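Fold and contact review
In case you want the letters, here they are:
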Amino acid sequence: MPPDVPTTGNERLDKVTGRAVFASDITVPGMAHGRILRSPLPHAKIVKMDCTAALALEGVVAILSGEDLADLAQPYWGLYFNDRPVIAHEKVRYVGEPVALVVAETPAVAQAALDRIDIDYTPLPFIDNAGDAIAPDAPRLHGNLEAIADFYFKGQARPVSGTNIYQLYAISTGDTAAAEAEAARVFEHTYTFPGIAHYAMEPHCVTAAFEGDRLTVWSGAQSPTAVQKVLSRVFGLAYANVQVIVPHIGGGFGGKASVKIDPLVAAASWKAGRPVRVALTQEEAMLTCRRLGASITLTTAVDANGIILSKRAAILLDGGAYADTGPAVTVKAANRVIGPYAIKNLEIESRAAYTNTVPGSAFRSIGGPQAVWATESQMDEIAAALEIDPVDFRHRNLLPRGGKVLDSLRPLDADISEMMGHAGQAITSMGDRPAAGVAVAATDPGVLPLGGALVRLLADGSVLVMANSADIGQGVRDVLRNVAAKTLNQDPAAIRVAGPDTATTPFDWGTGASRSTVIIGLAVEDAAQDAREQLLALAASALEIPLDGVQLVPGGVATGSETIPFDRLFHTAFGIDSGEIVGRAMVTPSRKGSDFATSPLFWETAVGACDIALDEDTGALAVTRFAGVADIGHAINPAGAEGQEEGAAIQGLGHALYEHLAFIDGQPVNATPIGYRIPAAGDVPHAARTVLIENADGPGPMGAKGMGEGGLLPVAPAIANALARRYGIRLRDLPMTPEKIWRALRERDSDVP
Amino acid sequence: MTASLDLTFTLNGDAKTARVAPNTLLIDFLREACQLRGTKRSCDMQICGACTVLVDDRPVSSCTTLAADIDGAVVTTIEGLGGPDGLDPVQQAFLDHNALQCGFCTPGFILSVKALLHANPAPSHEEIVEHLNGNLCRCTGYHKIIDAVESLVRP
C-alpha cells in the first residue's frame, strides 16, 4: 500500500463554501478606495477641471486626473497603438471614459467627492456607429498613430491614414469577378450584429500598491503578463518589479483579457502613495469594454448544382474609442467568415473603425459570432432560394477533414459532416421533429505557443503546479491537475494548482483563444515529465539501484515490492527529510515533438441545431431543443468541457435573442443590469444535449484540442434559420427580439399576393 | 450621519449585537464589519442574486437591504452552511452536478435554493426554474444548476 498522501483541498470546494477569495475580496493593509468620475459626453474637450472642493472633503486622499500624466514614463498605452491615456487627457472620447479618480478612506467618501469636482467640457462632433466613422468628412478620434508591432499579438495593425479606420485586413484568392460572371445565381445580403456586454458576474476589480519602485497588483486578469508588461511601460519599472497576482476571477469571457483598468488603478496608487482598491460596478464594467458590433455584406456566387463558386465579404466593425485588441478581432472576423467550406475564389475586406462608444475588445471567439452569424444565415438563405435542403447544401460545400479553409492555414482537423449527423441525431433523440435550424462553424484560434510551468514535488508527496493560466471558471486548474497527476502517477487530490503570480510563476501569454489546455497543458506535462525524470534518477542514485528498477507510485517511488515515500527518499538522498524536486518547462514555437509552425494549432469546430416555439401574437420565441457538437480531441476534464459547451451555447442564446449594448446620440442607453438582459434559468432550452467528439487527434496533452468558445457560434444563425424555415421570416439584425420577430411576421402576412 | 442603531440578531447560528449607521447596506455590513466575504457584490440593484443571504429563511438581496432591517432576525450567509468537512446537501449537489464554473454566483444560488426547499420541499420543475430566475449566472448555462436542484427534490 502506498503511504497516505496529504490532500490539498480544491477550489471547487472553496467556491461552494464561500471561502474562495476573488479579486474583489482582496484587502491590503493601509488600503484606500477609488471611485471614478466618468465623461457624460461622447466626444469633448476638457476645458476646466477644479478638484479643490473635492480634495477638501474629509477623508479624500488624492485625485488622479489627466494633469498627472506628464509625470508618467509612458502616459498612453495600448496593445496595437498607444492610443489610450491612463486617464482622459485634455479630451474625452466616449461616455463613461474615466476623467478623474478620487482616492479616499472609504468608497462612500470617494463617491461623495465625485460630485464636488468642477469640470467643464466643450463638446466636439462625435460618431456613434461605424458607418458614420468611415464617412469622408467624419470627425477624427485620434491623430495618425504609430502601430506597435508584435507587442501582444503577433504582427501589427494596418490603419488607413487620415481616417478612423484603425485596421484593414484583406484576403484575396482566385478571381471572384470571373466566378460571379459564370455563376447560376449570385446572392448578396447584409447582416448586422450589435455590441455586446461581457457581463461577467464579478465586475472588474483591481487593487494596486506601490512601494518605492515596486508595484504589486491584485487583479482579476486573464493575461497577467500583459498587465505586467503594460504597467512596466507606463511607470518605467523593470518587469521584475511589477508583480501581478490573480485571485479567483468571477468570470472573464475576454472582458478581463489583455489589459483593462490596471494602469488606471496603479496610477491612483502611485498618486496617492497608498494601496488603492477600485471595484467597478456592473454598470461601469459595461462602460469598460464590449464585443465589437459589425455589419457584414456577403456576396456569394453558386452554380446550378448548389456549389459555391465564390464569396465576397465586406466586414465593418465598430471598434469604439480605443483599439484595444480590435485589430486582431478584425483579422479573425475575416478568417472566420469563410466557414468550413471549399471556396476557391475569395475577396474579403475587414475593417474596424474608431467610434465614440465603449472600447471594443476581445470576447469569447473574437470576430467569430459576427462572422458566423452572417455566413450561416446566408447559407440557409441560398439553400432556400435554390430549393435545396440546408443540410444538403452544406454537405455539397463542406471541406472534408484535411481540407483547407485557406492555403495559409492548417488543414481542417475535424469532420464537420459527421458532426452535423451527431447534431441531427441528438435533436431527434429529444423530440419527434427534425431540427428546424442548423449552423456550423470552424474557427482558427489565435494560439500563441509561448508559456511555461513549474511542477514542484514536495517532500510530503504533495505537488504544486505553478502556471500563469487564469481559471475564469473554464476549469483550467482541473485540466492542469489531471495532466500532472497522470504524468507523475500521483493522486489528483495531492496536487494543488497555484494561481497566477508573475513574481513566482513562469511566463505565459495569457488565458484566451482556447489555448490553455494545449499550451499550458503541454507545459505542465513537460514540467511533470522533467520532475519525473529527476525523481527517478535521484531514486536510482540514492538507493543504488538501476534506473529501470524504480518507478513512480502514488506518494513515492517503488522498487520491486517496496514503496519508499518521497520524504524517506529525500532523507536518504539529502540527509534530512526535506527538499523538493522542481520540474520546469517552457513551451515555445519550436517545441520538440510539436508542429507549431502553422496556424492555427487546431481548429475549433462547432455544430448547433435547434427547434423553436413561437408565439405569433407576441413574437416571443423559445428554443425548445438545442444540440451542440464540438470536436475537442480529448476531454481532460470532461465535466468542465461539457460545462463550457453548455455555457457558451447559452451566451450564444443571449446574443441571439436579448443582448444589444445600445447607443443613441453617443449615449449608452441600456448599460445597466436593469436595461441589459442576459439569459436567466427560465430562458434556456427545455431540452439540450452536448456531444463531444474525442479522437485524441489534437496537439495538446492526451490528444486534446482547445475548446470553450465554439459552442457560442452556431446558436444565433441556427435560431434565425429555424425562424425562416418554420415561420417564413428572415431576420438579419441581431438580437432577434420579440418586436423584430412580430414585425417580420406582420410583413410576411402583408406580402401575401 | 452620526446617528447609529443597535442591532441584535443571529448570524450563522451565533447571537450577535452590532452598532451600525442607519444607511449601512446589509452587504457592506456582512462583508466589511463581519468579514464574511462569501456574500458577493455584482449588480447592486437586486437583479442578479449574487448577494443573496437568508433572513429568517427567506432569500434577500443584501445589496438593497439595510443592515438595520436584520434587527431581531436570523441571518444565514454561505459561511453558515456546511464547511468543507460537512457540506450542506445543496452544496454537495452543486459539486456533484458541476453546477458552478467561476463560482462567483454560487453562494447566492446555493442560498436561494436553500430558501426554495425550505418554503417548498417538493417543487415542480417549473417551480425550480421560476425560482432560479432570480439568480444570474453567466458561465454555466443553468442546465447543471437545475439538475443539481432536481437531484435534491427527485433523487
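Residues numbered from 1 in each chain as written. Chains lettered and ligands numbered in written order. Predicted model: local features only at pLDDT ≥ 70, side-chain atom pairs only at ≥ 80, totals over all residues. Heavy atoms only, no water.

1. Some points on the overall build of chain B
When you go through chain B residue by residue, the secondary structure sums to five helices and five strands. The N-to-C order of helical and strand elements in chain B reads β-β-α-β-β-β-α-α-α-α. Here the C-alpha radius of gyration of chain B, 16 Å, is about what a compact globule of 155 residues would show, namely 15 Å. For chain B, the spread of C-alpha atoms along the three principal axes comes to 50 × 30 × 25 Å. Within chain B, the proportion of its 155 residues that are buried is 55%. (Helix = DSSP H or I, 4+ residues; strand = E, 2+ residues; numbered from the N terminus. Rg over C-alpha atoms; globule rule 2.2 N^0.38 Å. Buried < 20%, exposed > 50% of the residue type's maximum accessible area, 1.4 Å probe, protein only.)

2. Topic: the interface of chain A and chain B
Chain A puts 49 residues into the contact, and the matching count from chain B is 43 residues. Both sides together, the interface formed by chain A and chain B hides about 3,700 Å², and carbon and sulfur atoms give 61% of it. Looking at the side of chain A facing chain B, the largest losses of area belong to Arg12, Val16 and Met201 of chain A, adding up to 19% of the total buried there. One can count 20 residue pairs in polar contact (both at pLDDT 80 or more) joining chain A with chain B. Elements with a minimum of two residues in the side of chain A that touches chain B: helix H1 (11–16), helix H8 (282–286) and helix H16 (638–657) of chain A. Broken down by element, the side of chain A that touches chain B gets its largest block of residues, eight residues, from H16 of chain A. The residue inventory of the side of chain A that touches chain B, partitioned by class, reads 24 nonpolar, 15 polar and 10 charged. (Contact = heavy atoms within 4.5 Å. Buried area = accessible area lost by both parts, 1.4 Å probe. Polar contact = N/O pair within 3.5 Å; in protein donor to acceptor, adjacent residues only side chain to side chain. Nonpolar A, V, L, I, M, F, W, Y, C, P; charged D, E, K, R; others polar.)

3. Details of the side chain of serine 514 of chain A
All names here are of chain A. Structurally, serine 514 is set in the loop between strand S21 (495–498) and helix H14 (516–543). Given a relative accessible area of 10%, serine 514 falls into the buried group. Of note is the side chain of serine 514, whose polar atom sits 2.7 Å from the side chain of glutamate 604. A polar contact of 3.3 Å, which involves the side chain of serine 514, links it to the backbone oxygen of methionine 707. With residues up to four places along the chain from it excluded, the contact list for serine 514 reads Phe602, Glu604, Gly706, Met707, Gly708 and Glu709.

4. Here we look at the sheet that holds strand S23 (residues 556–559) of chain A
All names here are of chain A. Reading across from one edge, S22-S23-S24 is the order of the three strands in this open sheet, with antiparallel pairing throughout. Of all strands in the sheet, those bounded by a partner on one side alone are strand S22 (551–553) and strand S24 (562–565). Averaged over all pairs of adjacent strands, the angle between their axes in this sheet comes to 40 degrees, without regard to strand direction. One ladder, built from four bridges, connects S23 with S24; its direction is antiparallel. Pairing of alanine 558 across the sheet is with threonine 563, part of S24. Relative to S22, H14 is tilted by about 110 degrees, and along the sheet it contacts S22, S23 and S24. (Pairing = 2+ DSSP bridges. Axes fitted to C-alpha atoms, helices over the stretch in contact; angles between N-to-C directions.)

5. Structural notes on the nonpolar core
Among the nonpolar cores identified, the biggest contains 206 residues, and Leu215, Phe235, Ile719 and Met736 of chain A together with Phe94 and Tyr142 of chain B are the most heavily contacted of them. Ranked by residues supplied to this core, first place goes to helix H17 (residues 715–727) of chain A with eight residues. With sequence-adjacent residues up to four places away left out, isoleucine 719 of chain A is seen in contact with Cys610, Ile612, Leu621, Val623, Leu653, Ala656, Leu657 and Met736 of chain A. Leu488, Ile495, Phe570 and Val587 of chain A belong to the second largest nonpolar core, which has 46 residues in total. (Core = buried A, V, L, I, M, F, W, Y, C linked by side-chain atoms within 4.5 Å.)

6. Regarding the domain arrangement of chain A
Residue and element names in this part refer to chain A. According to the domain assignment, chain A consists of domain 1 (23–124 + 199–286), domain 2 (293–446 + 599–750) and domain 3 (448–587). Spacing between the C-alpha centres of domain 1 and domain 3 amounts to 38 Å. Taken together, the 16 residues of domain 1 in the interface contact 15 residues of domain 3. Taken together, the connections running from domain 1 to domain 3 amount to zero salt bridges. Scanning the region where domain 1 abuts domain 3 turns up six residue pairs in polar contact (both at pLDDT 80 or more). (Domains from an automatic or database assignment. Salt bridge = Lys/Arg side-chain N within 4 Å of Asp/Glu carboxyl O.)

7. Description of helix H5 (residues 143–153) of chain B
Every α-helix carries 3.6 residues per turn, so stepping three or four residues along brings you back to the same face. A large share of H5 of chain B lies buried, amounting to eight of its 11 residues. Of all the positions in H5 of chain B, only His143, Lys144, Ile145, Ile146, Ala148, Val149, Glu150 and Val153 of chain B are classed as buried. Looking at the packing, one finds that the buried side of H5 of chain B touches H16 and strand S30 (687–693) of chain A together with helix H2 (89–96), helix H3 (106–119) and helix H4 (125–132) of chain B.

8. With respect to the domain arrangement of chain B
All names here are of chain B. Domain boundaries in chain B define domain 1 (5–80) and domain 2 (89–153). With 17 residues of domain 1 at the contact, the number on the domain 2 side is 13 residues. The interface formed by domain 1 and domain 2 contains zero salt bridges. For the pair domain 1 and domain 2, the number of links is three residue pairs in polar contact (both at pLDDT 80 or more). For the side of domain 1 that touches domain 2, the secondary structure elements donating two or more residues are strand S3 (52–55) and strand S4 (58–61). In terms of residue class, the side of domain 1 that touches domain 2 is built from seven nonpolar, six polar and four charged.

9. Looking at helix H7 (residues 262–272) of chain A
Residues and elements named next belong to chain A. The buried fraction of H7 amounts to nine of the 11 residues, a majority that puts the element mostly inside the structure. Taken as a whole, H7 has its buried residues at Asp262, Pro263, Leu264, Val265, Ala266, Ala267, Ala268, Ser269 and Ala272. Phi turns positive one or two residues past the end of H7, at glycine 273, with a value near 70 degrees.

10. Here we look at the pairing of strand S19 (residues 451–458) of chain A
Residues and elements named next belong to chain A. Counting buried positions along S19 gives six out of eight residues, so the element sits mostly inside the fold. With eight bridges joining them, S19 and strand S25 (residues 580–587) adopt antiparallel strand pairing. Of the residues in S25, the one forming a bridge with leucine 454 is arginine 584. Relative to strand S20 (residues 463–466), S19 runs antiparallel, the two being bridged by four bridges. Each residue of the ladder has a partner; that of leucine 454, found in S20, is methionine 466.

11. Focus on the environment of leucine 79 of chain A
Residues and elements named next belong to chain A. By the element assignment, leucine 79 lies in the loop between strand S4 (76–77) and strand S5 (84–85). Taking C-alpha positions, leucine 79 is 8.5 Å from valine 230, a pair spaced 151 residues apart along the chain. Not counting residues within four places of it along the chain, the set of residues in contact with leucine 79 comprises Ile148, Phe151, Tyr152, Val230, Ser258, Asp324 and Thr325.

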